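Descriptive structure summary
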Amino acid sequence: MYTAATKYVLGVRLALDGLVVDPSIPKAWDGFEVRREWRGAVYEIEVRNPDHVSKGVVSVTVDGVDHPADRPVPVQPEGAEVKVVVTLG
């Protein structure tokens, strides 16, 4: 159940070249926040859903810097803490 919820509803899953955030959530959700530790780094992930859609990432920022919405968040150095903001639309 945990795996289904985190990987397929919240959409936070690991890839070879980084961390994928591709949620599939109920339209009624305004968004959510999740903390993910991976390879010694901490990812504070905030998903925003201003248009109340179920899926469709339109923008991603990593520590305030735009990141391609169709690319995984790169692996961060051990000990790093990064803020990832994903907007659906």
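The structure contained in this document is the topic of the report that follows. (Residues numbered from 1 in each chain as written. Predicted model: local features only at pLDDT ≥ 70, side-chain atom pairs only at ≥ 80, totals over all residues. Heavy atoms only, no water.)

We now examine the sheet that holds strand 3 (residues 31-38). For sheets, the rule is that strands pair by backbone hydrogen bonds, running either parallel or antiparallel. Pairing is mixed in the open sheet, where five strands are placed in the order 3-4-7-5-6. Either end of the sheet is taken by a strand with one partner, and the two such strands are strand 3 and strand 6 (65-67). Going across the sheet, the axis of each strand differs from the next one's by a mean of 25°, ignoring polarity. Here seven bridges tie strand 4 (residues 41-48) to strand 7 (residues 81-88), and the two strands are oriented parallel to one another. Residue Glu46 lies in a different strand from strand 7, and its bridge partner there is Val85. (Pairing = 2+ DSSP bridges. Helix = DSSP H or I, 4+ residues; strand = E, 2+ residues; numbered from the N terminus. Axes fitted to C-alpha atoms, helices over the stretch in contact; angles between N-to-C directions.)

The tendency in soluble globular proteins is for nonpolar side chains to be buried side by side. Grouped together as the largest cluster of nonpolar side chains are 20 residues, with contacts concentrated most on Leu19, Tyr43, Ile45, Val47, Val84 and Val86. When sequence neighbours within four positions are dropped, the list of residues in contact with Val47 reads Val21, Pro23, Asp30, Gly31, Phe32, Val86 and Leu88. (Core = buried A, V, L, I, M, F, W, Y, C linked by side-chain atoms within 4.5 Å. Buried < 20%, exposed > 50% of the residue type's maximum accessible area, 1.4 Å probe, protein only. Contact = heavy atoms within 4.5 Å.)

Mapped onto the elements, Val21 comes out in strand 2 (residues 18-21). As a C-alpha pair, Val21 and Pro68 span 47 residues in sequence and 12 Å in three-dimensional space. Excluding its chain neighbours within four sequence positions, the residues that come into contact with Val21 are Gly11, Val12, Ile45, Val47, Val57 and Val86.

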